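Below are the chains, spelled out letter by letter.
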Amino acid sequence: MASVGCVSFVTERAASIWSGRDRRPRFSFPVYRLRMSPGCAISKDSIFGYSREDCVRFSLCSRRQVLGSRGVRARGEGSVEGEDGDRLEDAFDATIEKSKKVLAMQRDLLQQNGHEDPKVGVEQDFDVGAASVSVTFNISIAERRKLVSSIKSSIINPEDNEVSYKGRDSSFPNMDLTSTGDSGGDEDYNGGILSGNYVHSNADKVPAALSSATSRGFGEGEKELGKDLSLENPSLDLEAPKQLKDTSPKTVWSDPLPSFLSKSVETASPKEEKQEDFRELSSEEVNNEAAVSMGEDVKPPPLAGTNVMNIILVAAECAPWSKTGGLGDVAGALPKALARRGHRVMVVAPRYGNYAEAQETGVRKKYKVDGQDMEVTYFQAYIDGVDFVFIDSHMFRHIEKNIYGGNRMDILKRMVLFCKAAIEVPWHVPCGGVCYGDGNLVFIANDWHTALLPVYLKAYYRDNGLMQYTRSALVIHNIAHQGRGPVEDFSYTGLPEHYLDLFKLYDPVGGEHFNIFAAGLKTADRVVTVSHGYAWELKTSEGGWGLHQIINENDWKLRGIVNGIDVKDWNPELDIYLESDGYVNYSLETLHTGKPQCKAALQKELGLPIREDVPLIGFIGRLDHQKGVDLIAEAVPWMVGQDVQLVMLGTGRNDLEQMLRQFESQHHDKIRGWVGFSVKMAHRITAGADILLMPSRFEPCGLNQLYAMNYGTIPVVHAVGGLRDTVQPFDPYNESGLGWTFDRAEANRLIHALGNCLLTYRQYKQSWEGLQRRGMMQDLSWDHAAQNYEEVLVAAKYQW
Ligand SMILES: Nc1ncnc2c1ncn2[C@@H]1O[C@H](COP(=O)(O)OP(=O)(O)O[C@H]2O[C@H](CO)[C@@H](O)[C@H](O)[C@H]2O)[C@@H](O)[C@H]1O
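In what follows, the accompanying structure is described. Worth saying up front: this structure is predicted, and the values here are computed from it rather than measured. Along each chain, the written sequence defines residue order, and numbers are assigned to residues from 1. Where totals are concerned, whole chains, interfaces and linings use all residues; where local detail is concerned, this predicted model gives features only for residues with pLDDT of at least 70, and gives and counts side-chain atom pairs only at 80 or more. The basis for every side-chain value is the complete set of heavy atoms in the structure, and neither hydrogens nor water enter the calculation.

When its secondary structure is counted, the protein chain shows 28 helices and 22 strands. Relative accessible area decides the class of each residue, using a 1.4 Å probe on protein chains only: under 20% of the type maximum gives buried, over 50% gives exposed, and in between gives partly exposed. Expressed as a percentage of the 800 residues in the protein chain, the buried residues total 61%. It only takes one pair of heavy atoms within 4.5 Å for two residues to be counted as in contact. Taking all contacts inside the protein chain whose residues are at least 6 apart in sequence as the whole, residues at least 24 apart take part in 74%. Note on conventions: DSSP H or I runs of at least 4 residues are helices, E runs of at least 2 residues are strands, and numbering of each starts at the N terminus.

Here's what the structure looks like:
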C-alpha cells in the first residue's frame, strides 16, 4: 500500500506565453502544479482527496481545451451545442475510459515494483496545456516510458478531435451582420468558441479557475504555444521553479492555492509539509529546473492571479488620439492599469485621423449598416502593455474635431458600425500574431455610443450559441446622453424585431421613444458608473434622466468605482507641458518654488499681471449646463470686486463661448476666457492656478479636480456625484480635508465657498500648504480602481 499525503508542492499561479520581438504576452492563463515526492508516488486512492482519475481528468480537460481548438483550426469549423456537443462528450468519455485503463496499468506497475520501498523515484510532469500534474513513479525508466507514452497517446488521439468536431456546420448563423473577411481570421474565432464550450461542458469536473485557461483564438496561438514550449521559451511547467528559487520555504506555502485543493492541503501534516518544503528548495533537481527557467520570458505572477482574462474596452474616444472629455482619458488610462494587473487588454476605438503609432493589420471586414455593406479595416498599436486597435472607415475619417457631430442619423450609423466591427475584433484582428478569441473575454462598453455592444453580443452571438463565454460590462460616464430618437430609429440597428422592446422607453416629455442606453443597461452583464455618489444619484428621478427605473431594476449589477488618473500624463513632476515657456516640473518637495514659477509662466502666457500674491482661479471644461458655467458667470461681478485673477478654458455652447469672450474683454486685467480645446493649456492651468472651480450641476466623477489635487491646486466644487466622493471638505479645526464644497448649485453658495477659500489662501498660509500637500500625497492612480473593475469583470464572467 502506497503512502498517502506525500505532497511536496502545490502552487497556483498564472502564466503568460511570451514571444515575438516585442516580448508581449500572447495569452495568459492560470497554471496548476501538483507534485508528489519520491517514495510516496501516487496513492492508490487519492491525491489531496481527489482520485487519481480526477487528477488525470483535470489534465485531460485542460489538454483538450488546447487540442480541441487545434482540431478546429485545422478544419475551419466550430462546434456550438447539441449534436456536436454530445459527440464531444462521447469523445471525452472515451478518453476518460482510456485513462482509466492506463491508471490500472500503472497500478499494476507500482505493485510490481514494490513501491513501499522504492528504489527509483521518477518524477513525471503531465504537462497538459494549462495544467501541469507532476507525479513521481517508483518504476523503472523503461516502464515509465511505456506508461507515459501510453498516457500521452491516449491524450493526443487525433481521432478524438475528429469525432468531436467533424461534420460541423458553419458556426456563423445567418445574420444580417455579414462578415466577409479576407484575412483568414475566421479559424480563430471558431477556436475560441469551441474552447469555451468545452470548458463549459466539463465545468463540474474542471476546477473553476482551470476552466478559464484557454482564453484566445487558437490560430497562430497554437503554433506559438508549440514554439514557446519547445524552443524559445521555457515551458509552462518550467516557470514554476523560478518561483521556487525566488521563494523562501515559508512563502512556498503562502502561495495562494487553487480553491479546489486548499482543503486537502490543510489536512497534510505539518511534518510532511516541512519535509517537503525543504526538499523543494534544496534539491539539485529544482535548481537545475530553475536554471533552465530563468529565461527572460519568465514573469512574476500577475496581480490578478487566476482571474487573468482578456479584456476589451470599447470607446468612441481614446486619449491621446481622440478626446473630447473625460471618457477619452479613461479609455486611455484604465486599460493600462488592467494590463499591469496581468490581464491581456485591448482598447478598440474609431480611427478618426492618421495615428502615427498604429500599423495597418491588413484585416478587412464588411458590416451592414442601414442595408449597405460598409468596409472597415483595422489598425493596431501596442503601447504600455495594451493593444490599441483602431477601426478605420470612411464614416470615421477626419472627424476627430467633431466626434459626436453630424445629424442624429449620422451619429447613430457610425455607432452601429463601430459596435458591429468592434465586437468581432477578438475573432479577426491578431494582436502580436494571436487573436484574443472569445473565451474568457469581457468587453467594457462606455456610454450610449457603445451601449449597442452588449445588445449585439446578446442578439447576434449569445442568443445564437456564439461567444458563450464572453461577457460585457457597460460603464456610465454620463447618463444625460442616451442615444435617443423616434422608435423608427430601431431599424438602423439591424436587429430582429423582437429586440425592439429592449430599446423602447416611455418618457413624459418625449413619449415613447427609442433609447440605446436603456437597451445596453438591460443587456450588459454588469453596469459600472464612475463614482459611488453618482451610482446613488442615478437611481433617483432627478439623477437618472428617465433611466432611473431601469437602473433601479438592475441595481443588483450596478457598482460605483471612482475613476483614477493617469499618473504619468497628469503628474507635475513629469508633465511635458511644463518643460518650456517658463513652466517647470515640480514635486511635493519643490512645490514651494515650482508651483509659483508655473503660476508666473501662466500669467505671462495669458498676458495677466505677474503677481505671486494674487489668487489665480481656473476653470476647465465643456461649456454647458452640466458644468455650471453659468454659476461662475453669476459670480463674476463678485469676483471682479476681489483681488483675484480668473482663467476659463472651454468649448461648447455658442452663447457660453461668447460669454467667455465678453468677460475677457470687459475685465481684461483680471479675466481670460480661452475658447478652444487645448490639452496643453489644460495642463498649464492645472499647474499654474491656485484654485480650480467646478460648480457642476451633476458630475459623475470629474477628473479635473483629481488632476488639480495632484498638482497642489485646491478644488472648490459643488458637492455632487464624484466631486463629493473625492473632495473632502476642509476642516480648519482638524487641519484635514482637500478643498471647499458647496451643497447646492447656486451662485451664492459658490461665492460663499470661494470666499472661505480665498480667506484661507490669504491669511492661513500653513493651512493652505497643508491642503496642497494632502492633495498631492493621495494615491490617485488607476491601480485601485482597476482592482475594483477586475472584481466586476470576474463577477460578469461567472454569471450565466
Ligand atoms: N477645453 C478643453 N481643453 C482641453 N481639455 C479639456 C477641455 N475641456 C475639458 N477638457 C478635458 O476633458 C476632461 C474632462 O473630464 P471630466 O471628467 O471633468 O468631464 P467629462 O464631462 O468630459 O467626462 C464625463 O466622463 C468622465 C469620465 O468618467 C467623468 O469623470 C465625468 O464626470 C463625466 O461627466 C479633462 O481631461 C479636461 O482637462
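So, on to the pairing of strand β19 (residues 671-675). Where strand β18 (residues 645-650) meets β19, five bridges bridge the pair, whose relative direction is parallel. Each bridged residue has a counterpart across the sheet, and for M648 the counterpart in β19 is G673. With strands facing away from the observer, any crossover in which the path from the first strand over the helix to the second runs clockwise is taken as right-handed. Handedness of the crossover joining β18 and β19 through helix α22 (residues 654-666) is recorded here as right-handed. Strand pairing is assigned whenever DSSP identifies at least 2 bridges connecting the two strands.

Our focus in this paragraph is the sheet that holds strand β20 (residues 691-694). Spatially, β19-β18-β17-β20-β21-β22 is the arrangement adopted by the six strands of the open sheet, whose pairing is parallel. In the strand order of this sheet, the two ends are held by β19 and β22 (740-742), each with one partner. Strand-to-strand, the axes of this sheet are offset by a mean angle of 15°, without reference to chain direction. Angles here are taken between N-to-C directions and fall from 0 to 180 degrees, while the axes themselves are lines fitted to C-alpha atoms, restricted in helices to the stretch in contact. Where helix α21 (residues 629-640) meets the sheet, its contacts fall on β17 (616-620), β18, β19 and β20, and the angle it forms with β18 comes to roughly 160°. Running over the sheet, helix α27 (residues 765-777) touches β20, β21 (714-718) and β22 and is turned about 80° from β21.

What follows is about the packing of aromatic side chains. Pairing of aromatic rings covers Phe, Tyr and the six-membered ring of Trp, with a centre-to-centre limit of 6.5 Å; geometry is then stacked below 30 degrees between planes, edge-to-face above 60, and tilted otherwise. In this structure the tally under the stated criterion is 17 aromatic pairs. For the ring pair W321 and F388, a centre distance of 4.9 Å and an interplane angle of 55° mean the geometry is tilted. Placement of the pair is W321 in the loop between β5 (310-314) and α12 (326-340) and F388 in strand β9 (residues 386-392), with a sequence separation of 67 residues. Just as W321 is buried, F388 falls in that class too. Through a chain of ring-to-ring contacts, three or more aromatic side chains come together here, namely W321, Y355, F388 and F390. Across the ring face of F379, the terminal group of R351 is positioned such that the distance to the ring centre comes to 3.7 Å. Lying over the aromatic face of Y761, K765 brings its terminal NZ or CZ to 4.2 Å of the ring centre. Counted as over-ring charges are cases with an Arg CZ or a Lys NZ within 6 Å of the ring centre that also lie within 35 degrees of the ring normal.

Between α21 and α22, the least distance of the axes is 11 Å, while the angle of their chain directions is 25°. In terms of axis orientation, α21 runs roughly parallel to α22. α22 is crossed by α21, and the crossing has left-handed handedness. On the side of α21, the interface is formed by V629, A633 and V636, while α22 contributes L656, M659, L660 and F663. Residues were grouped as follows: Ala, Val, Leu, Ile, Met, Phe, Trp, Tyr, Cys and Pro as nonpolar; Asp, Glu, Lys and Arg as charged; and all remaining residues, including Gly, as polar. Classifying every residue of the contact of α21 with α22 by side-chain character gives seven nonpolar, no polar and no charged. Oblique is the label for every angle not falling under 35 degrees (roughly parallel), over 145 degrees (roughly antiparallel), or within 65 to 115 degrees (roughly perpendicular). Here a crossing is called left-handed whenever its near helix is offset anticlockwise from the far helix by less than a right angle, and right-handed whenever the offset is clockwise.

This part covers the sheet that holds strand β6 (residues 344-350). Spatial strand order, β7-β8-β9-β6-β5-β10-β11-β15-β16: nine strands in an open sheet with mixed pairing. The sheet terminates laterally at β7 (359-369) and β16 (558-560), the two strands that pair on one side only. Looking at each pair of strands side by side, their axes are set apart by 25° on average, direction ignored. Note that strand β10 (residues 441-446) and strand β11 (residues 470-476) share six bridges and pair parallel. Each bridged residue has a counterpart across the sheet, and for I444 the counterpart in β11 is A473. Along the sheet face, helix α15 (residues 452-461) touches β5, β10 and β11 and points at about 160° away from the line of β11. In the packing of helix α28 (residues 783-797) onto the sheet, contacts are made with β5, β10, β11, β15 (526-529) and β16, and the angle to β15 comes to roughly 165°.

The subject of this paragraph is α27. In this model α27 runs 18 Å from its N-terminal to its C-terminal C-alpha over 13 residues, within 8% of the 18 Å that 1.5 Å per residue would give. Burial in α27 covers these residues: S767, W768, G770, L771, Q772, G775 and M776. Elements in contact with the buried residues of α27: α20 (591-606), β20, α24 (704-710), β21, β22 and α26 (747-763). What a helix should span is 1.5 Å times the count of its residues minus one.

Let us now look at the site of the ligand. Whether a residue is near a molecule or strand is decided by its heavy atoms; if any one of them lies within 4 Å of it, the residue is near. Around the ligand lies a shell of 29 residues, among which D329, H477, R622, E699 and G702 are the nearest. The contact in question runs from an oxygen atom of the ligand to an N or O atom on the side chain of N563, over 2.9 Å. Out of a free accessible area of 710 Å², the ligand has 97% covered by protein chains. Put simply, the parts of the chain that give the shell around the ligand at least two residues each are α12, β18, α23 (679-688) and α24. Ranked by residues supplied to the shell around the ligand, first place goes to α12 with four residues. For the shell around the ligand, the class distribution of residues is twelve nonpolar, twelve polar and five charged. Where each domain begins and ends is defined by an automated method or by a domain database. Domain assignment of the residues forming the shell around the ligand places at least three in each of domain 1 (310-560) and domain 2 (590-778). A 3.5 Å cut-off defines polar contacts: any pair of N or O atoms within that distance qualifies, except that in protein one atom must be a possible hydrogen donor and the other a possible acceptor, and neighbouring residues in sequence count only when both atoms are side-chain atoms. In this description, accessible areas are obtained by the Shrake-Rupley approach with a 1.4 Å probe, and a residue is regarded as covered only by the protein chains that are shown.

Our next topic: the side chain of E537. You can see E537 is positioned in helix α18 (residues 532-537). The class of E537 is buried, set by a relative accessible area of 10%. Dropping the residues within four chain positions of it, E537 is found in contact with G543, G544, V720, G721 and R724.

Turning next to the pattern of salt bridges. Criterion for a salt bridge: a side-chain nitrogen of Lys or Arg within 4 Å of a carboxyl oxygen of Asp or Glu. According to the stated counting rule, one finds 31 salt bridges in the structure shown. Its salt-bridge partner being K368, residue D373 comes within 3.2 Å of it at the nearest N-O pair. Ionic pairing is found between D555 and K539, a salt bridge with its closest N-O pair at 3.1 Å. In this pair, D555 sits in the loop between α19 (548-553) and β16 while K539 sits in the loop between α18 and α19, placing the two residues 16 residues apart along the sequence. Relative accessible area serves as the criterion here: at 33%, D555 is assigned to the partly exposed category. Via salt bridges that share partners, D743, R744, E746 and R749 belong to a single interconnected network.

So, on to α12. Taking 1.5 Å of rise per residue, the 15 residues of α12 would be expected to cover 21 Å, and the 21 Å separating its terminal C-alpha atoms lies within 8% of that figure. Of all 15 residues in α12, 13 are buried; the element is thus mostly enclosed. Note on α12: the residue one or two positions beyond its end, G342, has a positive phi of about 105°.

Assignment of secondary structure puts A708 in helix α24. With 25 residues separating them in the primary sequence, A708 and H683 have C-alpha atoms 9.3 Å apart.

Quick look at the packing of α26 against α27 now. Two numbers describe how α26 lies on α27: the axes approach to 6 Å, and their chain directions differ by 110°. Relative to α27, the element α26 lies roughly perpendicular. Touching C757, T760, Y761, R762 and Q763 of α26 are K765, S767 and W768, all from α27. Considering only residue class, the contact of α26 with α27 consists of three nonpolar, three polar and two charged.

Excluding glycine, a negative phi dihedral is what most residues carry, and trans is how most peptide bonds are arranged. Of note, the bond from A319 into P320 is cis; its omega dihedral lies within 30 degrees of zero at 5°. Examined against the element boundaries, P320 turns out to sit in the loop between β5 and α12. We note that H398 has phi near 60°; this positive angle belongs to a residue other than glycine. Mapped onto the elements of the fold, H398 is located in the loop between β9 and α13 (408-423). The residue D447 is not glycine, and still its phi comes out positive at about 60°.

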